[in-house]
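# Structural overview
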Amino acid sequence: MATMKEEIGRRRTFAIISHPDAGKTTLTEKFLLYGGAIQTAGTVKGKASDRHAVSDWMELEKQRGISVTSSVLQFEYDGYCINILDTPGHQDFSEDTYRTLMAADTAVMVIDGAKGIEPQTRKLFKVCAMRGIPIFTFINKMDRDSRDPFDLLDELEKEFGIGTYPVNWPIGSGISFKGVYDREKRSVLAFDEFHAGRKKLHGIECDLSDRTKLDELIGRQAADELCEQAELLDGAGFDLDMDKVHTGKLSPVFFGSALNNFGVEPFLAYFLEMTTPPLPHESDAGTVDPFDERFSAFVFKIQANMNKMHRDRIAFLRICSGKYERQKEYLHVQAGKIAKLSQPQQMMAQEREVIEEAYAGDIIGVFDPGVFSIGDTVCEPGMKVKYGDIPTFTPERFAYVEQIDAMKRKQFMKGILQIAQEGAIRVFVLPDGGFERVVVGVVGQLQYDVLQFRMETEYGVKYRKQELPHTAIRWVRSSPKPISELRLADGTLHVKDLKEHDLLVFQSEWAVRWASEKNEGLQLGEYPEMNGSQ
Ligand code: G4P
């Protein structure tokens, strides 16, 4: 039997980030295929009807056929135990998406080779950069006409301010895509046919120096070009500095085609080799080593009402150190209570299973009778550590939410406040007080949908919602005069958070700058900085 140290040492926990449609789901499917977790590709993002059977997540999810929470998939590959944290896209985007990144040790950024960096990639990258976690880039869809690879790298470097190191290099793109060149092995992996869905790759390997074979394989012109580009890359002289990779300053870049299963297995192999086992975490008692035998974990996400019949919630914990055992009692630090965690479960591919044990790096979901908050610590009773707060993220969309039925005023307030406290939405009140109409702030549509669903099913309240054209929010740190007398662009909204702090909500970044310029002495602050205010 493997020791605890071996178990932790073989864990790799990462999130895949991308803009919708870049190929995140397809790449995940291929990973699972290699791990033998699924038999055929195409089952990760099933239709609503397929998903029904395997999950009992909240009703909303079934209705829309989406994954409301970012799910966690665990599978084995080549001796490694891999945890993939999914970060949903499209309208599923929410604060949860950001919080999921708090539980990952590494991020894989999938980019569409024809499109380059897209808005969602940008947002998610920022959160990864804030944490300084390693970022690996997979440039996908090389079987389609793509942008020049040098251009793509240039864009990554300029926009994200990181270095890039191409580990492999594409040979052409679109119909002339011939395969990839592995820089370390100095060999070409060319494909003779497409491999969609197949488990093993039928690539042909060829050394770059074997010009006769290379010409035969990819054609003379492509071979000439490749040799030239390989020289250029080597001449650029950048080293694969692993220290920089591990601090997120240098991103190893891979090219491939997830759909055709091309370049995926080499990517996975390099990725596992280059990434580290679970990283240490900072706590109020210093850095906690993941190999410390004592169990500790923090709550990074709470999912409410996954089962409509029981008003339950599931708290997702990222294990930071040691080994979790089902029969043991642990300390919930914030509540000061010692108890067993109830119904611990893990996602194995699509199945949720009750688990007996888990290790640092793993994610477990436990039944939460309403005692946990995001950021809470659970640990071995003697350990007494507290992990840092999980940051709140700046809302980018705002709406007036107004009660319809005056008789239900109490339920309306209770629901809005509770859901805000769980961190599912931000709530602001208008300065004239009153709770009939509040401003709700979110990062994505899904949060509005969850709010509506929960208000109706849990609190029995319907409300009116009016989306606002506002996009930016700032604290008022200090103001030279009453806020109502400030010179502000038309439409700027003054609100307060639940602790009576003043905030301004603007319709554009321009309006933010204008406010600072026109009002001497007005000091505005970025929203998430004054943490813990709600
Ligand atoms: P996402 O999770 O990032 O949103 O992307 P997803 O994997 O769902 O892929 C989006 C679309 O791009 C899918 O096509 C998928 O088949 C396609 N795709 C993914 N990887 C590649 C690739 O390497 N090459 C090419 N040519 N296409 C790729 P779709 O038509 O939207 O969906 P489907 O009908 O194929 O499921």
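Quick notes on the rules
- Residues numbered from 1 in each chain as written.
- Predicted model: local features only at pLDDT ≥ 70, side-chain atom pairs only at ≥ 80, totals over all residues.
- Heavy atoms only, no water.
- Helix = DSSP H or I, 4+ residues; strand = E, 2+ residues; numbered from the N terminus.
- Buried < 20%, exposed > 50% of the residue type's maximum accessible area, 1.4 Å probe, protein only.
- Near = heavy atom within 4 Å.
- Polar contact = N/O pair within 3.5 Å; in protein donor to acceptor, adjacent residues only side chain to side chain.
- Areas by Shrake-Rupley, 256 points an atom, 1.4 Å probe, with all protein chains shown as cover.
- Nonpolar A, V, L, I, M, F, W, Y, C, P; charged D, E, K, R; others polar.
- Axes fitted to C-alpha atoms, helices over the stretch in contact; angles between N-to-C directions.
- Parallel < 35°, antiparallel > 145°, perpendicular 65-115°, else oblique.
- Contact = heavy atoms within 4.5 Å.
- Phe/Tyr/Trp six-rings, centres within 6.5 Å; stacked < 30°, edge-to-face > 60°.
- Lys NZ or Arg CZ within 6 Å of the ring centre and 35° of its normal.
- Salt bridge = Lys/Arg side-chain N within 4 Å of Asp/Glu carboxyl O.
- Expected span 1.5 Å × (residues − 1).
- pLDDT = per-residue confidence, 0-100.

### Let's talk about the overall build of the chain
Counting its secondary structure elements, the chain contains 14 helices and 31 strands. Taken across its 534 residues, the chain has 55% of its residues classed as buried.

### Details of the site of the ligand
In the neighbourhood of the ligand, 17 residues make up the surrounding shell, with Asp21, Thr25, Thr26, Asp143 and Ser257 lying closest. Asn140 places a polar side-chain atom, nitrogen or oxygen, 3.1 Å from an oxygen atom of the ligand. Between a nitrogen atom of the ligand and a side-chain N or O atom of Arg144, the distance comes to 3.2 Å. Within the complex, 66% of the 700 Å² of free accessible area of the ligand lies under protein. Its residues assigned to classes, the shell around the ligand shows four nonpolar, seven polar and six charged.

### A few points about unusual backbone geometry
Even without being glycine, Asp78 reaches a positive phi, approximately 50 degrees. With respect to the helices and strands, Asp78 occurs in the loop between β2 (72–77) and β3 (80–86). A positive phi angle, near 70 degrees, is found at Glu500, a position not held by glycine. Summarising the element assignment, Glu500 is placed in the loop between β29 (493–496) and β30 (502–506). Accessibility expressed as a relative area gives 56% for Glu500, which makes it exposed.

### Things to note about the packing of helix α2 (residues 24–34) against helix α11 (residues 264–274)
Interhelical geometry of α2 versus α11 gives an angle of 75 degrees and a closest axis separation of 10 Å. By the angle between their axes, α2 is roughly perpendicular relative to α11. From α2, Leu27, Lys30, Phe31 and Tyr34 reach across to α11, where they touch Val264, Glu265, Phe267 and Leu268. Partitioned by chemical class, the residues of the contact of α2 with α11 number six nonpolar, no polar and two charged.

### Brief notes about the environment of Gly179
With respect to the helices, strands and loops of the structure, Gly179 is situated in strand β8 (residues 179–182). The class of Gly179 is buried, set by a relative accessible area of 0%. Separated by 25 residues in sequence, Gly179 and Ile204 have C-alpha atoms that sit 9.2 Å apart.

### Some remarks on the environment of Tyr270
One can find Tyr270 in helix α11. Judged by its relative accessible area of 9%, Tyr270 is buried. Between the C-alpha atom of Tyr270 and that of Phe254, which follows or precedes it by 16 residues, the distance is 9.6 Å. Residues contacting Tyr270, with those up to four places away along its chain left out, are Val167, Asp182, Glu184, Lys185 and Phe254.

### Here's the deal with the packing of aromatic side chains
One pass over the full model with this rule turns up 20 aromatic pairs. Seen in terms of ring centroids, Phe150 and Trp169 are 4.7 Å apart; in terms of plane orientation they differ by 50 degrees. Their pairing is tilted. Of the two residues, Phe150 is situated in helix α7 (residues 149–160) and Trp169 in strand β7 (residues 168–171); the sequence distance between them amounts to 19 residues. According to the relative accessible area criterion, Phe150 is partly exposed, its value standing at 27%. The interplanar angle of 35 degrees and the centroid separation of 5.6 Å between the aromatic rings of Tyr324 and Tyr330 together place this pair among those described as tilted. Tyr330 sits in the buried class, given a relative accessible area of 2%. The structure contains a cluster of three or more aromatic residues connected by ring pairs, namely Phe14, Phe31, Phe136, Phe138, Phe254, Phe267, Tyr270 and Phe271. Over the ring of Tyr165 we find Arg183, and its NZ or CZ is 4.8 Å from the ring centre. In this structure, Lys465 is placed above the aromatic ring of Tyr448, and the distance from its NZ or CZ to the ring centre is 4.3 Å.

### Quick look at the pattern of salt bridges
According to the stated counting rule, one finds 32 salt bridges in the structure shown. Notably, a salt bridge pairs Arg183 with Asp234, separated by 3.2 Å at the nearest N-O pair. Remark: Asp234 occurs in helix α9 (residues 220–236) and Arg183 occurs in the loop between β8 and β9 (187–191); sequence separation between them is 51 residues. Between Asp215 and Arg211 there is a salt bridge whose closest N-O contact spans 3.0 Å. Note that Asp215 and Arg211 are positioned in helix α8 (residues 211–218) at a spacing of four residues, about one turn of the helix. Under the relative-accessibility criterion, Arg211 is labelled partly exposed at 26%. When salt bridges that share partners are traced, they join Glu7, Arg10, Arg11, Glu76 and Asp362 into one network.

### Considerations on helix α13 (residues 445–459)
Under the 1.5 Å per step criterion, the end-to-end length of α13 is 21 Å for 15 residues, consistent within 8% with the ideal 21 Å. In the segment just after α13, Gly460 is the residue with positive phi, at about 65 degrees.

### Some points on the confidence of the model for the chain
Chain-level statistics for the chain give a pLDDT mean of 84 and a share of 85% at 70 or above. Note on residues 39–70: pLDDT is under 50 here. Beyond four places in sequence and across chains, it has 75 contacts. Predicted confidence is poor over residues 530–534, with pLDDT under 50, and the contacts of this stretch with residues over four places away or in other chains come to 16 contacts.

### What about the side chain of Ser321?
Here Ser321 lies in strand β15 (residues 313–321). Within the structure, the side chain of Ser321 is placed 2.7 Å from the backbone oxygen of Arg294, a separation counted as a polar contact. A polar atom in the side chain of Ser321 sits 2.7 Å from the side chain of Ser296. Those residues in contact with Ser321 that sit more than four places away from it in its chain are Val288, Asp289, Pro290, Asp292, Arg294, Phe295, Ser296, Ala360, Met383 and Tyr387.

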